[in-house]
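Spelled out, the chains give:
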Amino acid sequence: MASLTEFHVDDSVAVLTRTPATLDALLRGMPDIWVRRNEGNDTWSAFDIVGHLIFGERTDWIPRARIILEQGEARAFDPFDRFAQFKESQGKSLEQLLDEFARLRKENLAALRTLNLQPEDLKRRGKHPELGVVTLAELLATWAMHDLTHLHQLSRVMASQYRQTVGPWSAYLGVLQCSGHSAP
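Residues numbered from 1 in each chain as written. Predicted model: local features only at pLDDT ≥ 70, side-chain atom pairs only at ≥ 80, totals over all residues. Heavy atoms only, no water.

### Details of the nonpolar core
Core analysis: the biggest nonpolar cluster contains 22 residues, and L112, L117, L122, L136, L140 and W143 have the highest contact counts within it. Elements with a minimum of two residues in this core: α1 (9–27), α4 (61–71), α6 (94–114) and α7 (136–160). Ignoring any residue separated from it by four or fewer positions in sequence, one finds L117 in contact with V9, L69, L112, L122, L136 and L140. In this structure, L23, L97, L104 and L154 belong to the second largest nonpolar core, which totals 20 residues. (Core = buried A, V, L, I, M, F, W, Y, C linked by side-chain atoms within 4.5 Å. Buried < 20%, exposed > 50% of the residue type's maximum accessible area, 1.4 Å probe, protein only. Helix = DSSP H or I, 4+ residues; strand = E, 2+ residues; numbered from the N terminus. Contact = heavy atoms within 4.5 Å.)

See below:
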């Protein structure tokens, strides 16, 4: 078993591979109360979260990995638009988004495999426009943790829809005690 500070690509891929099916099982066919409502002003719905994940698949993880491998710190990553999903997802159904996310994730994991990363590659460095120097291992670990962050956020957003309806049991429901520390 890896220590807390050790990174292995296969461990991250284990999370990344499961996210599309997890989202699909949780969201496909659900009523709008669960997928279109958010927690209030300036918060995201489940629909928005899936759209955000799609935009990341297109513009973030693999493109940034390639920048690290091909140009290193010589070229900073393009800034990431954390709110692009609001425009990109317009006119689409949740089912379309789920299918698109599954397709893009499958393509990106295939692209990751074709990089044939070696341990020394994981130490290679790139330049994040806000965070500064980062390694390829940090980028790939963040990709998996980004998924988990948004699965956590998704659970919290969905649970908030019944915040008032559970009555006194809310004291026992940790998901309702969470104060929304994840994106946006």
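There is more to say, and it comes next.
### Some remarks on the packing of aromatic side chains
Scanning the model with the defined rule gives five aromatic pairs in all. Taken together, a centroid distance of 5.4 Å and an interplanar angle of 50° make the contact between F55 and F80 tilted. In this pair, F55 is assigned in helix α3 (residues 46–59) and F80 in the loop between α4 and α5 (85–88), connecting sequence segments 25 residues apart. You can call F80 partly exposed: its relative accessible area is 21%. With centroids separated by 6.1 Å and ring planes inclined at 10°, the aromatic side chains of W61 and W143 adopt a geometry described as stacked. Highlighted residues: W61 in helix α4 and W143 in helix α7, separated in sequence by 82 residues. Grouping residues by exposure puts W61 and W143 together as buried. Taken together, the aromatic side chains of W44, F83 and F86 make up a single cluster linked through ring pairs. Over the ring of F47 we find R36, and its NZ or CZ is 3.7 Å from the ring centre. (Phe/Tyr/Trp six-rings, centres within 6.5 Å; stacked < 30°, edge-to-face > 60°. Lys NZ or Arg CZ within 6 Å of the ring centre and 35° of its normal.)

### Here's the deal with a nonpolar patch on the surface
Residues W169, Y172, L173 and V175 make up a contiguous nonpolar surface patch of about 480 Å² in total accessible area. If you trace the backbone, V175 turns up in helix α8 (residues 174–177). (Patch = residues over 30% accessible without salt bridge, like charges linked within 9 Å, V, L, I, M, F, W, Y side chains within 5 Å. Areas by Shrake-Rupley, 256 points an atom, 1.4 Å probe, with all protein chains shown as cover. Salt bridge = Lys/Arg side-chain N within 4 Å of Asp/Glu carboxyl O.)

### A look at the packing of α6 against α7
Following both chains from N to C, one finds α6 and α7 inclined at 160°, their axes separated by 14 Å at the closest point. Considering their axes alone, α6 and α7 lie roughly antiparallel with respect to each other. Crossing handedness for the pair α6 and α7: left-handed. Contacts between α6 and α7 involve R105, N108, L109 and L112 on the former and, on the latter, L140, W143 and D147. Per-class residue counts for the contact of α6 with α7 are four nonpolar, one polar and two charged. (Axes fitted to C-alpha atoms, helices over the stretch in contact; angles between N-to-C directions. Parallel < 35°, antiparallel > 145°, perpendicular 65-115°, else oblique. Left-handed = near helix turned anticlockwise from the far one by under 90°. Nonpolar A, V, L, I, M, F, W, Y, C, P; charged D, E, K, R; others polar.)

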